[in-house]
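Close look at the chain arrangement
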Number of protein chains: 2
Amino acid sequence: VASAEDVVVTAGAQQALDLVARVLVAPGDVVAVEDPGYAAVHRLLETHRARVRGVPVDDEGLVADALPDRARLVYLTPSHQFPTGVTMSMARRSAVLRWAGEHDAVVVEDDYDSEYRFADQPLEPLQSLDRDGRVVYVGTFSKSLLPALRAGFVVPPRSLTAALREAKRVTTWEGDLTTQGALASFLAEGHHAAHVRRATKVYRVRRDRVLAGLVGLDDVLRVVPSVAGLHVCARFRDESVDDRAVVARAAARGVFVEGLSTHRREQPVRPGLAIGYGGIDADAVPDAMLRLAAAVRP
Amino acid sequence: VASAEDVVVTAGAQQALDLVARVLVAPGDVVAVEDPGYAAVHRLLETHRARVRGVPVDDEGLVADALPDRARLVYLTPSHQFPTGVTMSMARRSAVLRWAGEHDAVVVEDDYDSEYRFADQPLEPLQSLDRDGRVVYVGTFSKSLLPALRAGFVVPPRSLTAALREAKRVTTWEGDLTTQGALASFLAEGHHAAHVRRATKVYRVRRDRVLAGLVGLDDVLRVVPSVAGLHVCARFRDESVDDRAVVARAAARGVFVEGLSTHRREQPVRPGLAIGYGGIDADAVPDAMLRLAAAVRP
């Protein structure tokens, strides 16, 4: 549990990551990222002149053994890997922390959508395992409220707090205090927690219907285990499938999904589909899944 | 006059300047600034690993002849130099643009508080003289509305617009669209223009009373000519005066002003006082000026 002085409030997760890069990344530094991963952050790191290296992701999350020796920092989404949806296993979490200790590196944990949890067991942040002050936790209200708020935060190790506050100050002073004040009241009065509880119920119905629709495609698509977030992934059993072609056929039928290969950086990526349910009514899911099935089996 | 596609909306002038630096400044680049000047921006430029060089300011503004040959960029406040309050002369404006053309450099014009104008002649931005696409204009709503809005903008030369939009996108996406939407309506419906007209009248009364109070100190302090903004400056005729000591004596009497030497970077700075009237009632100004006079003549 973080206290107020441990938190740096930012204009969304993207600014949070920008401040972290500004403080930690020098031009030419090697930075490791998940591959497939979140290209907007890779691009951000490149604007800081980092050398960005993709590390493969499997069903346990980032393959820690494949982390480059010289990386200064690794950017991770352990709760619900983007885009595959994998929750990082405990073994991999420990391995990443061990790697960070051995290489004097920093782990940046972007917990972008794990407010929405669909499993009984608790989902702890990687930072809760950190005994060494190596994990920078980044959170956002973009998924639980709305991206246009530009409200996010960092919980850094104590050693980085002052530098992050200074980076924030030189770029946007205190930020938008009007929005921050309204959000603080919204949180303090319990509205945010109540909203997430209500929204989780709504999303759970949609999610269950997406998963139900995938059952009939089990011979073609294997669902990637996940417990949180606003999308699920399924990988093609046949690795020669072109997921972009499937995405195009689905789009022609009015169903919008993403191909995992779109989020590939440099590592080979097994083809698959990321199916979001953040913007569709539960009632519309069954028909959409039928249309998706028709696109998967043309 | 800029059209919508020429404007990049930012989270205040500080983020605008951060984006400009991100696009234009490479590590090790020499960047020229006014000296005395605005330290928060100098610090920002230093976080981009620029080598920041102070250039002297006199009663015509930045001394263009003293600009370093190798600078990539010069940061200026031509309408109302911070902190001296000087309006840059036409000769100096032309000289700076000529220098920029000869050295393939960029001029960043920070027009931080010139909504409040107290002269009959119009006050044009330096950018209006630019025939060469060398001036990046930065504006803000922090002075006309409030800093907590974090609402500013850049009007760059066309050649830089795409890069600035991309820098904005990788750091904070579109920004706070809620605030931007409210501000757009406020502007479109004429409320902002009406507010500035009303506020200018209020500030003019305060400003006149500050200037009236300085008349009695004319043997000690020479008022720096200025036509805009929310503060006026006066320089000590005796260059050996320690303006910080005067500021401390004034503070002990409950009057808060700033010493010009506080804003010095590396150039010799003639001592003086910056007297703000943004946060004092007009009725309180005459007494405050009497107390300031007592601090000036201890």
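Above: the structure in question.
Residues numbered from 1 in each chain as written. Chains lettered and ligands numbered in written order. Predicted model: local features only at pLDDT ≥ 70, side-chain atom pairs only at ≥ 80, totals over all residues. Heavy atoms only, no water.

**Thoughts on the packing of aromatic side chains**
Residue and element names in this part refer to chain A. Rule in force here: Ring pairs shown here join Phe, Tyr and Trp side chains whose ring centres sit within 6.5 Å, with only the six-membered ring taken for Trp; geometry is labelled stacked below 30 degrees between planes, edge-to-face above 60, and tilted in between. Secondary structure follows DSSP: runs of H or I at least 4 residues long count as helices, runs of E at least 2 residues long count as strands, and numbering of each begins at the N terminus. A simple rule labels every residue: compare its accessible area, found with a 1.4 Å probe on the protein chains alone, to the largest value its type can have, and call it buried under 20%, exposed over 50%, or partly exposed in between.
Inspection of the entire model under this criterion finds 14 aromatic pairs over all chains. Here the aromatic rings of Tyr116 and Tyr203 are separated by 4.7 Å at their centres, their planes lie at 70°, and the arrangement is edge-to-face. With a gap of 87 residues between them, Tyr116 in the loop between strand 6 (106-110) and strand 7 (135-140) and Tyr203 in helix 6 (residues 191-215) connect regions that are remote in the sequence. Judged on exposure class, the residue Tyr116 and its partner Tyr203 are both buried. Judged by centre distance (6.5 Å) and plane angle (55°), the rings of Tyr203 and Tyr277 are tilted. In this pair, Tyr203 is assigned in helix 6 and Tyr277 in the loop between strand 12 (272-276) and helix 8 (285-296), connecting sequence segments 74 residues apart. By way of ring pairs, the aromatic residues Tyr116, Phe118, Tyr203 and Tyr277 are connected into one cluster.

**Section: the environment of Val30(A)**
Residue and element names in this part refer to chain A. Here is the rule we go by: Contact between two residues is taken to exist if any of their heavy atoms lie within 4.5 Å; hydrogens are not considered.
Along the chain, Val30 turns up in strand 2 (residues 30-35). With 211 residues separating them along the chain, Val30 and Val241 place their C-alpha atoms 33 Å apart. The contacts of Val30, once residues within four sequence positions are left out, are Arg51, Arg53, Pro68, Arg70, Ala71, Arg72 and Leu73.

**Description of unusual backbone geometry**
Across residues other than glycine, the phi torsion is negative in most instances, and most of the peptide bonds are trans. Between Asp35(A) and the following residue, Pro36(A), the backbone shows a cis peptide bond with an omega angle of 10°. The phi dihedral of Arg49(A) is positive, around 65°, even though this residue is not glycine. Backbone geometry at Asp104(B) places phi at a positive 50°, although glycine is not the residue there. Along the chain, the position of Asp104(B) falls in the loop between helix 3 (90-103) and strand 6 (106-110).

**Side note on the side chain of Asp18(B)**
Considering the arrangement of structural elements, one finds Asp18(B) in helix 1 (residues 12-24). Sequence-distant contacts of Asp18(B), defined by excluding residues within four places in its chain, comprise Arg22(A), Thr171(A), Leu44(B) and His48(B).

**With respect to the interface of chain B and chain A**
The following threshold applies: Buried area: the accessible area, evaluated with a 1.4 Å probe, that two parts lose upon being put together, summed over both parts. For this document, the term salt bridge refers to a Lys or Arg side-chain nitrogen within 4 Å of an Asp or Glu carboxyl oxygen. Here a polar contact is taken to be a pair of N or O atoms separated by no more than 3.5 Å, where protein atoms must pair a possible hydrogen donor with a possible acceptor and residues adjacent in sequence count only if both atoms sit in side chains.
The partner chain A presents 29 residues to the 29 residues of chain B that form the contact. Summing both partners gives a buried area of about 2300 Å² for chain B against chain A, and 52% of it is carried by carbon and sulfur. Among the residues of chain B in contact with chain A, Arg22(B), Val170(B) and Trp173(B) are the three that bury the most area, contributing 23% of the side total. Remark: the boundary between chain B and chain A carries four salt bridges. Residue Glu166(B) is joined to Arg43(A) by a salt bridge in which the shortest nitrogen-to-oxygen separation is 2.8 Å. The tally of links between chain B and chain A comes to 18 residue pairs in polar contact (both at pLDDT 80 or more). Mapped onto the side of chain B that touches chain A, the elements with two or more residues apiece are helix 1, helix 2 (39-47), helix 4 (158-172) and helix 5 (177-188) of chain B.

**A closer look at the pattern of salt bridges**
Using the criterion set out here, one finds 36 salt bridges over all chains in the structure. For the salt bridge of Asp219(A) with Arg297(A), the shortest nitrogen-to-oxygen distance reads 2.8 Å. Linking Asp219(A) in the loop between helix 6 and strand 9 (221-223) with Arg297(A) in the segment after helix 8, this pair joins segments that are 78 residues apart in sequence. Through salt bridges with shared partners, one network takes in Asp18(A), Arg22(A), Asp18(B) and Arg22(B).

**Comments concerning helix 1 of chain B**
All names here are of chain B. Put simply, the test is: Multiplying one less than the number of residues by 1.5 Å gives the expected span of a helix.
In a regular helix each residue adds 1.5 Å, so 13 residues correspond to 18 Å; helix 1 covers 19 Å between its end C-alpha atoms and thus fits that length. With respect to burial, helix 1 is a largely interior element, twelve of its 13 residues being buried. By the burial criterion, the buried members of helix 1 are Gly12, Ala13, Gln14, Gln15, Ala16, Leu17, Asp18, Leu19, Val20, Ala21, Arg22 and Leu24.

**A word on the packing of helix 2 (residues 39-47) of chain A against helix 4 of chain B**
A pair of packed helices can be characterised by two numbers: the angle between their axes and the separation between those axes. Keep this limit in mind: Lines are fitted to the C-alpha atoms to define the axes, a helix being fitted only along its stretch in contact, and any angle between axes, read from their N-to-C directions, falls within 0 to 180 degrees. Roughly parallel here means an angle under 35 degrees, roughly antiparallel means over 145, roughly perpendicular means 65 to 115, and every remaining angle is called oblique. Whether a crossing is left-handed or right-handed is set by the direction in which the near helix is turned from the far one by less than a right angle, anticlockwise for left-handed and clockwise for right-handed. Only Asp, Glu, Lys and Arg are considered charged in this grouping, and only Ala, Val, Leu, Ile, Met, Phe, Trp, Tyr, Cys and Pro are considered nonpolar; every other residue, Gly among them, is considered polar.
The geometry of helix 2 of chain A relative to helix 4 of chain B is characterised by a closest axis approach of 9 Å and an angle of 120° between their N-to-C directions. When the axis of helix 2 of chain A is compared with that of helix 4 of chain B, the two are oblique. Once helix 2 of chain A is placed against helix 4 of chain B, the crossing between them reads as left-handed. Residues Arg43(A), Leu44(A) and Thr47(A) of helix 2 of chain A lie in contact with helix 4 of chain B, whose contacting residues are Glu166(B), Val170(B) and Thr171(B). A per-class count over the contact of helix 2 of chain A with helix 4 of chain B returns two nonpolar, two polar and two charged.

**Let's talk about the pairing of strand 3 (residues 51-58) of chain A**
Residue and element names in this part refer to chain A. Here is the rule we go by: Only when DSSP finds a minimum of two bridges between them are two strands counted as paired. A clockwise course of the path from the first strand over the helix to the second, judged with the strands pointing away from the viewer, identifies a crossover as right-handed.
Strand direction decides the pairing type here: strand 2 and strand 3, joined by six bridges, are parallel. For Ala32, the partnering residue across the bridge sits in strand 3 and is Arg53. Following the chain from strand 2 across helix 2 to the adjacent parallel strand 3, one finds a crossover that is right-handed. Pairing of strand 3 with strand 4 (residues 61-62), which is carried by two bridges, proceeds in the antiparallel orientation. Paired with Asp58 across the strands is Gly61, a residue of strand 4. What sits between the antiparallel neighbours strand 3 and strand 4 is a turn of two residues.

**As for the sheet that holds strand 1 (residues 8-10) of chain A**
Adjacent strands of a sheet pair through backbone hydrogen bonds, lying either parallel or antiparallel. Residue and element names in this part refer to chain A. One open sheet accounts for eight strands, arranged 1-8-7-6-5-2-3-4; its pairing is mixed. In the strand order of this sheet, the two ends are held by strand 1 and strand 4, each with one partner. Two strands pair when backbone bridges link them, and strand 6 and strand 7 are joined in this way by four bridges, in the parallel orientation. Bridge assignment links Val108 to a residue of strand 7, and that residue is Val136. Across the face of the sheet, helix 2 comes into contact with strand 2, strand 3 and strand 5 (71-76) while running at roughly 170° to strand 2. Against the sheet, helix 4 (residues 158-172) engages strand 1, strand 7 and strand 8 (152-155), with an angle of about 30° to strand 1.

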